[in-house]
Amino acid sequence: MNGYGGHHHLDDDAFGEKSQLQGSLKTFDAFPKTKPSYTAPSRRGGQWTVLILIICTVFSISEFRTWLRGTENHHFSVEKGVSHDLQLNLDIVVQMPCDTLDVNIQDAAGDRVLAGELLKREPTSWQLWMDKRNYESYGGSHEYQTLSQEDAGRLSAQDEDAHVHHVLGEVRRNPRKKFPKSPKLRRGDAVNSCRIYGSLEGNKVQGDFHITARGHGYRDMAPHLDHQAFNFSHMITELSFGPHYPTLLNPLDKTIAETETHYYKYQYFLSVVPTIYSKGNRALDTYSSAPPSFHDNRYNKNLVFTNQYAATSQSDALPESPFFVPGIFFKYNIEPILLLISEERASFLSLLIRLVNTVSGVMVTGGWLYQMSGWAVELVNRRRGRGKSEGVLNGKHYAED
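What comes next concerns the included structure. Note that the coordinates shown come from a computational prediction; the quantities given were computed from them, not determined experimentally. (Residues numbered from 1 in each chain as written. Predicted model: local features only at pLDDT ≥ 70, side-chain atom pairs only at ≥ 80, totals over all residues. Heavy atoms only, no water.)

Quick notes on the overall build of the protein
- Of regular secondary structure, the protein possesses nine helices and 16 strands.
- Expressed as a percentage of its 401 residues, the buried residues of the protein come to 35%.
- For the protein, the exposed surface amounts to about 25800 Å²; the carbon and sulfur share of it is 56%. (Helix = DSSP H or I, 4+ residues; strand = E, 2+ residues; numbered from the N terminus. Buried < 20%, exposed > 50% of the residue type's maximum accessible area, 1.4 Å probe, protein only. Areas by Shrake-Rupley, 256 points an atom, 1.4 Å probe, with all protein chains shown as cover.)

Have a look at this one:
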């Protein structure tokens, strides 16, 4: 501009084709900017900004944790696989000597399994197990319950053990699936009880697993046991169906039932539901066409084939008559359904979309609230100013002539 712009501090870039290009871009700008000269920082605005940032951070962390944890879906279906055997895992202490007990299984197929020969028996002391129960309860582990007790904390622990991530984690951490050792007998302990534990295979049909006194309930040549020696008080450490996972809590695990009546009968009614825990949907899709080796958890780290059951109980004192048999009876029924519990997680792109929507929603809502609060404060100040106005200008009063 022949030096004129230099003397008057004008910029040549503000003229010509570039100026027209900038004007065109400003026309298509979907987010118009406010000039810095029109804005002024305030303490209130800074506090509001910090609050919005904190809310966005909290919501974002919550969304990320929800995505990382995934969601569980429960589906009921008819069992597609065909299986004939059902593994039963038992760990129970009965307050009677081992040589006075009979343990058997009678199922709907008519087969009678001499479970006493397949399960391990170990003489022990009832007081020793009671001390172990008190020690574990005090130490904060899964608390023992009596037969008629309903504990909200125990129910929440069972619910936690039913989640897919917990089941898969326990299976991976405990591949050996061994039963724990019995407490060591101390000097002076009365050996008046029997621990019966182990796993056995039975038919996958309705059955009756029972523990009775010697010479009662069967037509055998065993010597008749005096009724005063009966004491069917018992402590169930574990009762489960399917592969043995000792760290998972089942409804009857850690249950204690005590009685002072000799001729007494305990009955447990169990509804067993075959259950599959899966991480993702692909494993479930291949379940129907999979070979038998696919059902072995050693080859499937994301699948667990097991069984759940619901339990109800009943106990009564019986008259001392040959028509009544005292003991501990577990009546189980296999339900004709299959429960599929799968843990699924959305894609990372879905997580990003949810984060963007969350942050955007908080910022927009925060902006609206900030403007509305500003308008409310301004309106209140105006009303207060009108009530106190005296026509003062620069500290001086002026009157009209």
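Quick notes on the state of the cysteines
- As enumerated under the stated definition, the model contains one disulfide in all.
- Cys98 shares a disulfide with Cys194; S-S distance 2.1 Å. For the disulfide bridge between Cys98 and Cys194, the dihedral angle about the S-S bond is near 100 degrees, and by the sign convention the bridge is right-handed. Remark: Cys194 occurs in strand E7 (residues 193-203) and Cys98 occurs in the loop between strand E2 (85-94) and strand E3 (101-107); sequence separation between them is 96 residues.
- Residue Cys98 is classed as buried on the basis of its relative accessible area of 14%. (Disulfide = S-S within 2.5 Å.)

Here's the deal with unusual backbone geometry
- Backbone geometry places Lys254, a non-glycine residue, at a positive phi of 55 degrees.
- Take Lys254: it is sitting in the loop between strand E9 (234-241) and strand E10 (255-257).

So, a positive patch on the surface
- A grouping of Arg172, Lys279, Lys301 and Arg345 is seen on the molecular surface, where their side chains present a positively charged patch.
- By the element assignment, Lys301 lies in the loop between helix H8 (282-285) and strand E12 (303-317). (Patch = residues over 30% accessible without salt bridge, like charges linked within 9 Å, V, L, I, M, F, W, Y side chains within 5 Å. Salt bridge = Lys/Arg side-chain N within 4 Å of Asp/Glu carboxyl O. Lys, Arg positive; Asp, Glu negative; His and termini not counted. Charge placed at Lys NZ, Arg CZ, Asp CG, Glu CD.)

A look at the packing of aromatic side chains
- Under the criterion given, the structure shown has eleven aromatic pairs.
- Their ring planes at 55 degrees and their centres at 4.9 Å tell us that Tyr264 and Tyr266 sit as a pair that is tilted.
- Judged by relative accessible area, which is 15%, Tyr264 ranks as buried.
- A connected cluster of aromatic rings, assembled from ring pairs, spans Phe64, Trp67 and Phe348.
- The aromatic ring of Tyr197 is capped on one face by Arg195, whose charged end is 4.0 Å from the ring centroid. (Phe/Tyr/Trp six-rings, centres within 6.5 Å; stacked < 30°, edge-to-face > 60°. Lys NZ or Arg CZ within 6 Å of the ring centre and 35° of its normal.)

Quick look at helix H3 (residues 43-69)
- Helix length check: H3 (27 residues) gives 39 Å between terminal C-alpha atoms against 39 Å at 1.5 Å per residue, within 8%.
- Listing the buried residues of H3 in full gives Gly45, Ile52, Cys56, Glu63 and Trp67. (Expected span 1.5 Å × (residues − 1).)

Digging into the sheet that holds strand E6 (residues 145-146)
- Strand order in this open sheet of six strands is E5-E7-E2-E9-E10-E6, and the pairing throughout is mixed. Of all the strands in the sheet, the pair left with one neighbour each is strand E5 (120-124) and E6.
- Of the strand pairs in this sheet, E9 and E10 are connected by three bridges, and their pairing is antiparallel. Each residue of the ladder has a partner; that of Ile236, found in E10, is Thr255. (Pairing = 2+ DSSP bridges.)

Section: the environment of Leu200
- Relative to the elements of secondary structure, Leu200 occurs in strand E7.
- A relative accessible area of 4% places Leu200 in the buried class.
- In this structure, the C-alpha to C-alpha distance between Leu200 and Asp85, residues 115 residues apart in sequence, is 9.9 Å.

Quick word on the pairing of E9
- Counting buried positions along E9 yields eight of eight residues, so the element is predominantly enclosed.
- By the bridge criterion, seven bridges tie E2 to E9 in an arrangement that is antiparallel. From the neighbouring strand, Val94 faces E9, where its bridge partner is His234.

Considerations on a nonpolar patch on the surface
- Taken together, the side chains of Val50, Leu51, Ile54, Ile55, Val58 and Phe59 define a hydrophobic patch exposed on the protein surface, amounting to about 510 Å² of accessible area.
- For Val58, the position within the fold is in helix H3.

Quick notes on the environment of Ser271
- Checked against the element boundaries, Ser271 lands in strand E11 (residues 264-279).
- A sequence separation of 39 residues divides Ser271 from Ala310, and the C-alpha atoms of the two residues are 5.3 Å apart.
- Ignoring sequence-local partners within four residues, the contact set of Ser271 consists of Gln308, Tyr309, Ala310, Asn333 and Glu335. (Contact = heavy atoms within 4.5 Å.)

Observations concerning the pairing of strand E13 (residues 327-334)
- Of all eight residues in E13, six are buried; the element is thus mostly enclosed.
- In the sheet, strand E8 (residues 207-213) pairs with E13 via five bridges, with the strands oriented antiparallel. Bridge pairing in E13 places Phe209 opposite Phe330.
- Across eight bridges, the pairing between E11 and E13 is parallel. What sits directly across from Ser271, in E13, is Asn333.

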